[in-house]
Amino acid sequence: MNKPSTCLLRMIVTIRNTLDEISNGKTISYEERQRLEILDRLFTCSLFHLLIDEVVQ
C-alpha cells in the first residue's frame, strides 16, 4: 500500500511535467497555468509537512 506522501508526490510530478510542457510551447489558458502553479506550491508545502509526520511516527 502506498503512503499518502507517495500519492502526493505523484501529483506534484504530474503538475510539474505539465508546467514543463507549457514552458516548452504547449498552449494553455492563463487561468489554467495559474491554477497549476498554485497547486504546485500547495502540494509541495503539504508534502513537506506530510513527510515530517511520517518520519516522526
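The shown structure was predicted, so the numbers you read here are calculated from the model rather than taken from an experiment. (Residues numbered from 1 in each chain as written. Predicted model: local features only at pLDDT ≥ 70, side-chain atom pairs only at ≥ 80, totals over all residues. Heavy atoms only, no water.)

It is worth spelling out the packing of helix 1 (residues 4-23) against helix 2 (residues 30-56) at this point. Direction vectors running N to C along helix 1 and helix 2 enclose 150°, while the axes themselves pass 9 Å from each other. Relative to helix 2, helix 1 is oriented roughly antiparallel. Helix 1 and helix 2 meet at a crossing whose hand is left-handed. Contacts from Pro4, Ser5, Leu8, Leu9, Met11, Ile12, Ile15, Arg16, Thr18, Leu19, Ile22 and Ser23 in helix 1 reach Arg33, Leu36, Glu37, Leu39, Asp40, Phe43, Thr44, Ser46, Leu47, Leu50, Leu51 and Glu54 in helix 2. Per-class residue counts for the contact of helix 1 with helix 2 are 14 nonpolar, 5 polar and 5 charged. (Axes fitted to C-alpha atoms, helices over the stretch in contact; angles between N-to-C directions. Helix = DSSP H or I, 4+ residues; strand = E, 2+ residues; numbered from the N terminus. Parallel < 35°, antiparallel > 145°, perpendicular 65-115°, else oblique. Left-handed = near helix turned anticlockwise from the far one by under 90°. Contact = heavy atoms within 4.5 Å. Nonpolar A, V, L, I, M, F, W, Y, C, P; charged D, E, K, R; others polar.)

Taking 1.5 Å as the rise per residue, helix 2 with 27 residues should run 39 Å; its terminal C-alpha atoms sit 39 Å apart, in good agreement. Buried within helix 2 are the following residues: Leu36, Leu39, Asp40, Phe43 and Leu47. The inward-facing, buried residues of helix 2 contact helix 1. (Expected span 1.5 Å × (residues − 1). Buried < 20%, exposed > 50% of the residue type's maximum accessible area, 1.4 Å probe, protein only.)

What follows concerns a nonpolar patch on the surface. A cluster of nonpolar residues, Phe48, Ile52 and Val56, forms a patch on the protein surface that exposes about 310 Å² of accessible area. Following the sequence through the fold, Phe48 ends up in helix 2. (Patch = residues over 30% accessible without salt bridge, like charges linked within 9 Å, V, L, I, M, F, W, Y side chains within 5 Å. Areas by Shrake-Rupley, 256 points an atom, 1.4 Å probe, with all protein chains shown as cover. Salt bridge = Lys/Arg side-chain N within 4 Å of Asp/Glu carboxyl O.)

So, about the pattern of salt bridges. Within the structure shown, the criterion is met by 4 salt bridges. The shortest N-O distance in the salt bridge between Lys26 and Glu21 comes to 3.4 Å. Note on Glu21: relative accessible area 40%, which makes it partly exposed. Across the salt bridge formed by Arg33 and Glu37, the nearest N and O atoms sit 3.0 Å from each other.

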